[in-house]
Amino acid sequence: LGYLLGLGLLVLSIKLKVKYENFSAVLVSGSMTIFYFITYAAYTYYALIPQLLTFVLMLVFTIFTVVTALKYNKQIIAHIGLVGAYAVPFLLSDDSGNALVLFSYMAIINIGILVLSFKKYWKPLYYVSFVLTWLIYFTWFASSYDLNEDFTTALTFASLFFIIFYITFLAYKLLRKEPLEIIDIILLMINSFVFYGFGYAILDGHETGSQLLGFFTLCNAILHFIVSVVIY
């Protein structure tokens, strides 16, 4: 019934698009939100579908939301459909401490926003996703991180989130050769410092990683130097 309701809203929004585009966009956003949360409920509360299928469905919904946001040229669809989905990833890990599932889902959302960044300069969308991503990561790192079990996962996804946001903040500006604003530079620096801080903390607590802190710092410097040359 939940899926039928979401599908009904989606069909109605398509029929109303020609005459009532704004209202149609709101209906599309509502239908995608319903799809996200019905899928979550089916998996978490009732175990009607397996975790893998839940993951695939979330991926499909995210792709559809990105395409729809571009087609309508409405930021509200991206906000409700993508950023609203941040309420779901906490729960996909079924309280098992499976950070891999949690961060993989978050990565899908952020990649969707990254794709949007090549076409649209929707700053509020970037800000919200940026803050939520690192806040969720920090909360997990501070409360649930286990060196023996989560070292690779923590370092991998910290790097992935960093790269996604690095490209997201630069993509639109570089493609259209527009000058960077102060807020763009601030976000780039915050993203860089946050990643470096997490990376340093993760490596410092590891027996082998603690011997690679200088190399890690050098790699960061080289990356930023290459990007600065491209921007220049």
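Bear in mind that the values here come from a model prediction, so they are computed numbers and not experimental data.

S.K.: Any chance you could explain the environment of threonine 168 here in plain terms?
M.R.: Residue placement: threonine 168 occurs in helix 8 (residues 147-175). Accessibility expressed as a relative area gives 3% for threonine 168, which makes it buried. When the C-alpha positions of threonine 168 and phenylalanine 130 are compared, they lie 9.9 Å apart, and in sequence the two are 38 residues distant. Non-local contacts of threonine 168, meaning those with residues more than four positions away in its chain, are made with Leu114, Ser117 and Tyr126. Reaching out from threonine 168, the side chain makes a polar contact with the backbone oxygen of isoleucine 164 at a distance of 2.7 Å.

S.K.: What should I look at first to understand helix 3 (residues 51-72) in this one?
M.R.: Think of an α-helix as turning once every 3.6 residues; residues three or four places apart then point the same way. Between its first and last C-alpha atoms helix 3 spans 31 Å; for 22 residues at 1.5 Å apiece the expected length is 32 Å, and the two agree. Backbone geometry just downstream of helix 3 places asparagine 73 in the positive-phi region, at approximately 60°.

S.K.: Explanation requested: the pattern of salt bridges in the structure shown.
M.R.: Considering all chains together, one arrives at 4 salt bridges under this definition. Between lysine 173 and glutamate 178 there is a salt bridge; the shortest N-O distance is 3.9 Å. The residue aspartate 184 makes a salt bridge to lysine 173 at a minimum N-O spacing of 3.7 Å. One end of the pair, aspartate 184, is in helix 9 (residues 182-204); the other, lysine 173, is in helix 8, and 11 residues separate them in sequence.

S.K.: Looking at this structure, how should I read the packing of aromatic side chains?
M.R.: Any aromatic ring pair is given by two values, namely how distant the centres are and how the planes are angled relative to each other. Applying the stated criterion across every chain, the model contains 29 aromatic pairs. Note on phenylalanine 130 and phenylalanine 165: the rings are 5.3 Å apart at their centroids and 90° apart in plane angle, and the pair reads as edge-to-face. Taken together, the residues span a long stretch of sequence, with phenylalanine 130 in helix 7 (residues 123-143) and phenylalanine 165 in helix 8 at a distance of 35 residues. The buried category is assigned to phenylalanine 130, whose relative accessible area is 6%. Geometrically, the ring pair formed by phenylalanine 157 and phenylalanine 161 is tilted, given 6.0 Å between the ring centres and 45° between the ring planes. Residue phenylalanine 157 and its partner phenylalanine 161 are both found in helix 8; the two are separated by 4 residues, about one turn of the helix. With a relative accessible area of 7%, phenylalanine 157 lands in the buried category. Connected via pairs of aromatic rings, a cluster forms that spans Phe103, Trp134, Tyr137, Trp140, Phe141, Tyr145, Phe157, Phe161 and Phe198. One Lys or Arg, lysine 17, reaches over the ring of tyrosine 72 and ends 4.9 Å from the middle of that ring.

S.K.: Quick question: what am I supposed to make of the nonpolar core here?
M.R.: Nonpolar side chains in soluble globular proteins tend to be buried together. With 52 residues, the main nonpolar core has Phe103, Trp134, Tyr137 and Phe161 as its most contacted residues. Elements supplying a minimum of two residues to this core: helix 2 (21-44), helix 3, helix 4 (75-81), helix 6 (99-117), helix 7, helix 8, helix 9 and helix 10 (213-231). Here the element with the most residues in this core is helix 8; it accounts for 10 residues. Discounting residues that sit within four places of it in the chain, phenylalanine 161 has contacts with Phe103, Met106, Ala107, Asn110, Thr133, Trp134 and Tyr137.

S.K.: Got a minute to help me understand helix 8 in this structure?
M.R.: Taking 1.5 Å per residue as the helical rise, helix 8 with its 29 residues ought to reach 42 Å, and the 40 Å between its terminal C-alpha atoms agrees with that figure. Most pronounced at phenylalanine 169, the bend in helix 8 amounts to some 30°. Following helix 8 by one or two positions, lysine 177 has its phi on the positive side, about 55°.

Rules of the game
Residues numbered from 1 in each chain as written. Predicted model: local features only at pLDDT ≥ 70, side-chain atom pairs only at ≥ 80, totals over all residues. Heavy atoms only, no water. Helix = DSSP H or I, 4+ residues; strand = E, 2+ residues; numbered from the N terminus. Buried < 20%, exposed > 50% of the residue type's maximum accessible area, 1.4 Å probe, protein only. Contact = heavy atoms within 4.5 Å. Polar contact = N/O pair within 3.5 Å; in protein donor to acceptor, adjacent residues only side chain to side chain. Expected span 1.5 Å × (residues − 1). Salt bridge = Lys/Arg side-chain N within 4 Å of Asp/Glu carboxyl O. Phe/Tyr/Trp six-rings, centres within 6.5 Å; stacked < 30°, edge-to-face > 60°. Lys NZ or Arg CZ within 6 Å of the ring centre and 35° of its normal. Core = buried A, V, L, I, M, F, W, Y, C linked by side-chain atoms within 4.5 Å. Bend = angle between axes of the 7 residues up to and from the residue.

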